[in-house]
Amino acid sequence: MRRALVTGASGFLGSYLIRALAGTCDVVGTYAHRAPEASGNFCRLDLGHPEEVETILDELRPEALVHAAAAADLDWCEREPERATAINVEGTRILARWAAAHGCRFLYISTDQVFSGERGLYRESDPASPICHYGHTKQQAETIVRAWVPDSIVLRVALMFGWSTSRHRSASNAIYENLTRGQPVRLFTDQYRSPILVDWVAEVVARLLRLPEASGLWHLGGDQRWSRYEFGLKLAASFGLDPSGLLPIRMAEFSSLAPRGKDCSLDSTRICRLLGRTRFSAEEGLNRLARTSPPRVE
Ligand SMILES: NC(=O)c1ccc[n+]([C@@H]2O[C@H](COP(=O)([O-])OP(=O)(O)OC[C@H]3O[C@@H](n4cnc5c(N)ncnc54)[C@H](OP(=O)(O)O)[C@@H]3O)[C@@H](O)[C@H]2O)c1
């Protein structure tokens, strides 16, 4: 693989993907609205404009395509369902069709939000059952990718934590920055996920692209099933921050547009076996994060 294209390179995960792939091949990253400030090779690609997308792909001719771009704000997707479908579903269709026609390796980043959250610890064999428009678009995109590119990789990722180096803030940035400023942070006690360090997700993507046997559907999350509130407590402890600013709330007390599943945690047994590791320890991920410089808080 000589050249890879990473869509959504200006996003939280995308910036880590660029770094993880940079040593292995030529990487071009895309953005839609604002070019990343980091050094690298970037071009503008708006999935809402299909004709431009094909022209850009024809020019760049990547041998691998990592599709991480998405309208990823659940409430925005609920408010703007047609635009969300155009970006997440139709945009993905164009990329998958191009990859199929040009023999390009395709890795699609999906989400734990394809599940209703009624049960938790979902396996790849469990049927998807999204309850919000974002989840529906991601599930539809998965189906399109697998139909157009049979040897594609579809990677469903759990909630990611880490410092965002892009203008898109991560949940961990928001918690850290608010607590450091002495501002309260409201976190759900009744919404469970299996958080994973974003660096590991990027490292796994780089490995999967090189494994021919990696084609298919995979779940990737941390080994703990934590509520958002528990995650906040763990993060505060890692950085020695006063946790009293963390305010436990229940989902019913919060008026959000998009319905959110109670427990969308993922079972990552299969991918751990494929990669020859026992688990992705959430505690170890937090320890690793604690050894990095946190964001500067003004
Ligand atoms: N964050 C999580 O915890 C999480 C969990 C599970 C799955 N995921 C999935 O992981 C992927 C990356 O998520 P993220 O949190 O890194 O997202 P993010 O920080 O919100 O970044 C979204 C990226 O998509 C790009 N984008 C938005 N609209 C676009 C359009 N119309 N055309 C082309 N690109 C567009 C953005 O470009 P601009 O910067 O130019 O706007 C940005 O690069 C997504 O597919 C998401 O569904 C995320």
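Everything below is about the structure printed above this text.
Residues numbered from 1 in each chain as written. Predicted model: local features only at pLDDT ≥ 70, side-chain atom pairs only at ≥ 80, totals over all residues. Heavy atoms only, no water.

1. Overview of the overall build of the protein
The number of helices and strands found in the protein is 10 helices and 13 strands. Projected onto its principal axes, the C-alpha coordinates of the protein cover approximately 55 × 40 × 40 Å. The buried share of the protein, taken over its 298 residues, is 55%. In the protein, 78% of the contacts between residues at least 6 apart in sequence involve partners at least 24 apart. Working note: accessible area of the protein is about 13400 Å², and carbon and sulfur atoms make up 48% of it. (Helix = DSSP H or I, 4+ residues; strand = E, 2+ residues; numbered from the N terminus. Buried < 20%, exposed > 50% of the residue type's maximum accessible area, 1.4 Å probe, protein only. Contact = heavy atoms within 4.5 Å. Areas by Shrake-Rupley, 256 points an atom, 1.4 Å probe, with all protein chains shown as cover.)

2. A closer look at the site of the ligand
In the vicinity of the ligand lie 28 residues, with S10, H33, Y134, K138 and H168 positioned nearest. Here a nitrogen atom of the ligand sits 2.8 Å away from a polar atom, N or O, in the main chain of L47. A70 has a polar backbone atom sitting 3.2 Å from an oxygen atom of the ligand. In the complex, the protein chains occlude 91% of the 900 Å² of accessible area that the ligand would expose alone. Those elements that provide at least two residues to the shell around the ligand are α1 (12-22), β5 (105-111) and α5 (133-148). (Near = heavy atom within 4 Å. Polar contact = N/O pair within 3.5 Å; in protein donor to acceptor, adjacent residues only side chain to side chain.)

3. Comments concerning the pattern of salt bridges
If you walk through the whole model with that rule in mind, you get 19 salt bridges. With a closest N to O distance of 2.8 Å, E90 and R93 form a salt bridge. In this pair, E90 and R93 are both assigned in helix α4 (residues 81-102), three residues apart and thus about one turn of the helix distant. Beyond isolated ion pairs, a larger network of salt bridges with shared partners links D199, E203 and R288. (Salt bridge = Lys/Arg side-chain N within 4 Å of Asp/Glu carboxyl O.)

4. Remarks on the pairing of strand β4 (residues 64-67)
Of the two faces of β4, both are covered, the one formed by A64 and V66 as well as the one formed by L65 and H67. Examined bridge by bridge, strand β1 (residues 3-7) and β4 share four bridges and lie parallel to one another. Paired with V6 across the bridge in β4 is V66. Where β4 and β5 come together, four bridges link them in parallel fashion. In the sheet register, V66 faces β5, and the bridge partner there is L107. (Pairing = 2+ DSSP bridges.)

5. Examining helix α6 (residues 171-181)
All of the buried residues in α6 are S172, N173, I175, Y176, E177, N178 and L179. Packed against the buried residues of α6 are β7 (160-161), β8 (185-188), α8 (228-238) and β13 (246-249).

6. Description of helix α7 (residues 198-209)
Spacing of three or four residues puts side chains on the same side of an α-helix, whose turn is 3.6 residues. Taking 1.5 Å per residue, 12 residues should reach 16 Å; α7 reaches 17 Å between its end C-alpha atoms and fits that length. All buried positions along α7 are accounted for by V198, W200, V201, A202, V204, V205, A206, L208 and L209. (Expected span 1.5 Å × (residues − 1).)

7. Topic: the pairing of strand β11 (residues 216-220)
When you tally the buried positions in β11, you get five out of five residues, the bulk of the element. With five bridges connecting them, strand β6 (residues 153-157) and β11 associate as parallel partners. Directly across from R156, in β11, lies its bridge partner H219.

8. Re the packing of α4 against α5
Running from N to C, α4 and α5 point in directions that differ by 15 degrees, and their axes come no closer than 9 Å. Our classification of the angle between α4 and α5 gives roughly parallel. In this structure, α4 crosses over α5, and the sense of that crossing is right-handed. Every residue of α5 that contacts α4 at P81, A84, T85, N88, V89, T92, R93, A96, R97 and A100 is listed here: H133, Y134, T137, K138, Q140, A141, I144, V145 and W148. Partitioning the contact of α4 with α5 into residue classes produces 10 nonpolar, six polar and three charged. (Axes fitted to C-alpha atoms, helices over the stretch in contact; angles between N-to-C directions. Parallel < 35°, antiparallel > 145°, perpendicular 65-115°, else oblique. Left-handed = near helix turned anticlockwise from the far one by under 90°. Nonpolar A, V, L, I, M, F, W, Y, C, P; charged D, E, K, R; others polar.)

9. Considering the side chain of D190
In this structure, D190 sits in the loop between β8 and β9 (192-193). Judged by relative accessible area, D190 falls into the buried class, the value being 15%. A distance of 3.0 Å separates the side chain of D190 from the backbone nitrogen of M251, its partner in a polar contact. Setting aside anything within four residues of it in sequence, one finds D190 in contact with I249, R250, M251 and K262.

10. Quick look at the packing of aromatic side chains
Taken as a whole and judged by the stated rule, the model has nine aromatic pairs. Between Y176 and F239 the ring centres are 5.4 Å apart and the planes differ by 70 degrees, which places this aromatic pair in the edge-to-face class. Placement of the pair is Y176 in helix α6 and F239 in the loop between α8 and β13, with a sequence separation of 63 residues. On the basis of relative accessible area, Y176 is assigned to the buried category, the value being 11%. Residue classification places F239 among the buried positions, given a relative accessible area of 18%. Residues W200 and F280 carry aromatic rings whose centres are separated by 6.1 Å and whose planes lie at 50 degrees to one another, so their mutual orientation is tilted. (Phe/Tyr/Trp six-rings, centres within 6.5 Å; stacked < 30°, edge-to-face > 60°.)

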